[in-house]
Amino acid sequence: MEGMTGMIITTTPTIQGREIEEYISIVSGETIMGANVVRDFLAGITDIIGGRSGAYESKLAEGRELALKEMADKAKALGANAVVGVDLDFETLRDGMMMCIATGTAVKVR
């Protein structure tokens, strides 16, 4: 996937057709989604159609994109042009807040 920063971002350890020249550093991006996102989800159960909540999924997607962008920006600042081995993790925090963490290895590819 070519991210919003023009950087290649992938969950795989390699990029097909590209050679990794340099492993730079582990990079991460974190996003904390608004207070009470979990409580609001449970209270808004009427939004669920067919077992899915559009509002909740939209909030998760927003958190994921922000975390990936922050991670990519950090990689770019280190001189990387790709991030490999990306892992996404969602955690529920106290007081109904949710955190999304994106972690990967910043690399230079040619």
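All figures in this text were calculated on a predicted structure; none of them were measured in a lab.

Engineer: Can you help me understand the side chain of Thr 31 in this one?
Structural biologist: By the element assignment, Thr 31 lies in strand 2 (residues 20-33). When its relative accessible area of 10% is taken as the criterion, Thr 31 is described as buried. Within the local environment of Thr 31, its side chain forms a polar contact with the backbone nitrogen of Ala 67, the two atoms lying 3.1 Å apart. If near-sequence neighbours (up to four positions away) are discounted, Thr 31 is found in contact with Gly 63, Leu 66, Ala 67, Met 98, Met 99 and Cys 100.

Engineer: What exactly am I supposed to notice about the nonpolar core here?
Structural biologist: Generally speaking, a soluble globular protein has its nonpolar side chains buried in company with each other. Among the nonpolar cores identified, the biggest contains 16 residues, and Ile 9, Val 27, Leu 68, Met 71, Ala 75, Val 83 and Val 86 are the most heavily contacted of them. The set of elements that each furnish at least two residues to this core consists of strand 2, helix 2 (54-77), strand 5 (82-92) and strand 6 (98-109). Residue contributions to this core peak at 5 residues, all from helix 2. Beyond its immediate stretch of four places on either side in the chain, Ala 75 contacts Met 7, Val 27, Ala 80, Val 83 and Ala 106. Listed in part, the 7 residues of the second largest apolar core include Ile 8, Ile 20, Ala 82 and Val 109.

Engineer: What is the right way to look at the sheet that holds strand 6 in this model?
Structural biologist: With mixed pairing, 4 strands are arranged side by side in an open sheet as 1-5-6-2. At either margin of the open sheet sits one strand with a lone partner, and together these are strand 1 (8-9) and strand 2. Across 2 bridges, strand 1 lies against strand 5 in parallel orientation. The residue bridging Ile 9 from the neighbouring strand is Val 83, located in strand 5.

Parameters and conventions
Residues numbered from 1 in each chain as written. Predicted model: local features only at pLDDT ≥ 70, side-chain atom pairs only at ≥ 80, totals over all residues. Heavy atoms only, no water. Helix = DSSP H or I, 4+ residues; strand = E, 2+ residues; numbered from the N terminus. Buried < 20%, exposed > 50% of the residue type's maximum accessible area, 1.4 Å probe, protein only. Polar contact = N/O pair within 3.5 Å; in protein donor to acceptor, adjacent residues only side chain to side chain. Contact = heavy atoms within 4.5 Å. Core = buried A, V, L, I, M, F, W, Y, C linked by side-chain atoms within 4.5 Å. Pairing = 2+ DSSP bridges.

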